[in-house]
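# Overview (structure and organization)
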Amino acid sequence: VQLQASGGGLVKAGGSLRLSCVASGRIVSPGVMGWFRQAPGEEREFVTAISGTGGSTYDADPVKGRFTISRDNVKNAVYLQMNSLKPEDTAVYYCAAAVRRHLRDYSNLAEYGYWGRGTLVTVSS
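Notes on the structure follow. None of the values given here were measured: they were computed from a predicted structure.

## Looking at the pattern of salt bridges
- This structure, assessed with the given rule, holds five salt bridges.
- Among the ionic pairs, R37 bridges to E45, the shortest N-O distance being 2.7 Å.
- The partner of R66 in a salt bridge is D89, and the shortest N-O contact between them spans 2.7 Å. Taken as a pair, R66 in the loop between β6 (57-59) and β7 (67-72) and D89 in the loop between β8 (77-82) and β9 (91-97) lie far apart in primary sequence, 23 residues in all. In this structure, R66 and D89 share a single accessibility class: buried.
- Salt bridges linked by common partners bring R37, E45, R66 and D89 together as one network.

## Brief notes about the side chain of E111
- Here E111 lies in the loop between β9 and β10 (114-115).
- On the basis of relative accessibility, which here comes to 15%, the residue E111 falls in the buried class.
- Other than its neighbours up to four places away in sequence, E111 contacts A98, R100, L103, R104 and D105.

## Describing the nonpolar core
- Of all hydrophobic cores here, the largest spans 24 residues; its most connected members are W35, M82 and Y93.
- At the level of secondary structure, the elements contributing two or more residues to this core comprise β1 (2-6), β3 (17-24), β4 (33-38), β5 (45-50), β7, β8, β9 and β11 (119-124).
- Ranked by size, the runner-up nonpolar core spans ten residues in total, among them A60, A96, L103 and Y106.

## Considerations on the sheet that holds β3
- Read across the sheet, four strands follow the order β1-β3-β8-β7 without closing on themselves; strand pairing throughout is antiparallel. Edge positions in the sheet fall to β1 and β7, since each of these pairs with one other strand and no more. Between one strand and the next, the sheet's axes are offset by a mean angle of 15 degrees, whatever the strand orientation.
- Relative to β8, β7 runs antiparallel, the two being bridged by six bridges. Bridge pairing in β8 places D72 opposite A77.

## Remarks on the state of the cysteines
- Here the structure, examined in full by the defined rule, presents one disulfide.
- Linked covalently through their sulfurs, C21 and C95 form a disulfide whose S-S length is 2.1 Å. For the disulfide bridge between C21 and C95, the dihedral angle about the S-S bond is near -80 degrees, and by the sign convention the bridge is left-handed. With C21 in strand β3 and C95 in strand β9, this pair connects stretches of sequence that are 74 residues apart.
- With relative accessibility at 0%, the residue C95 sits in the buried group.

## What to know about the environment of L3
- Checked against the element boundaries, L3 lands in strand β1.
- Residue L3 is classed as buried on the basis of its relative accessible area, which comes to 8%.
- For the pair L3 and T48, spaced 45 residues apart in sequence, the C-alpha to C-alpha distance is 16 Å.
- Setting aside residues no more than four positions away along its own chain, L3 makes contact with C21, V22, A23, M33, C95, A96, A97, Y114, W115, G116 and R117.

Rules of the game
- Residues numbered from 1 in each chain as written.
- Predicted model: local features only at pLDDT ≥ 70, side-chain atom pairs only at ≥ 80, totals over all residues.
- Heavy atoms only, no water.
- Salt bridge = Lys/Arg side-chain N within 4 Å of Asp/Glu carboxyl O.
- Helix = DSSP H or I, 4+ residues; strand = E, 2+ residues; numbered from the N terminus.
- Buried < 20%, exposed > 50% of the residue type's maximum accessible area, 1.4 Å probe, protein only.
- Contact = heavy atoms within 4.5 Å.
- Core = buried A, V, L, I, M, F, W, Y, C linked by side-chain atoms within 4.5 Å.
- Pairing = 2+ DSSP bridges.
- Axes fitted to C-alpha atoms, helices over the stretch in contact; angles between N-to-C directions.
- Disulfide = S-S within 2.5 Å.

If you want it as structure tokens, here you go:
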């Protein structure tokens, strides 16, 4: 399975961006998909995830109420709508996918077997 993320860019604080991630390859059934981010000099951190059916979502506290994850299983795609962006949201955003439809810990990087290359989001103050 290959993941291709897009949609990053430069935006002013308070603005919005929408990231997309399309999965290709041998996909037997939709698994959990998530977004992580990594700021310069920092470890990669969990942002949000969505279950295989799209019925459940899980958000990290810093993005609750501002970011929304969604998916389209027909297109094998997951989206991240980011509103009210802050300079501290600046990071490379990575799309990740798991084989299972539900995970014990959605924020655990080790639960995800597939990763995209990342797309850079820069929020200016």
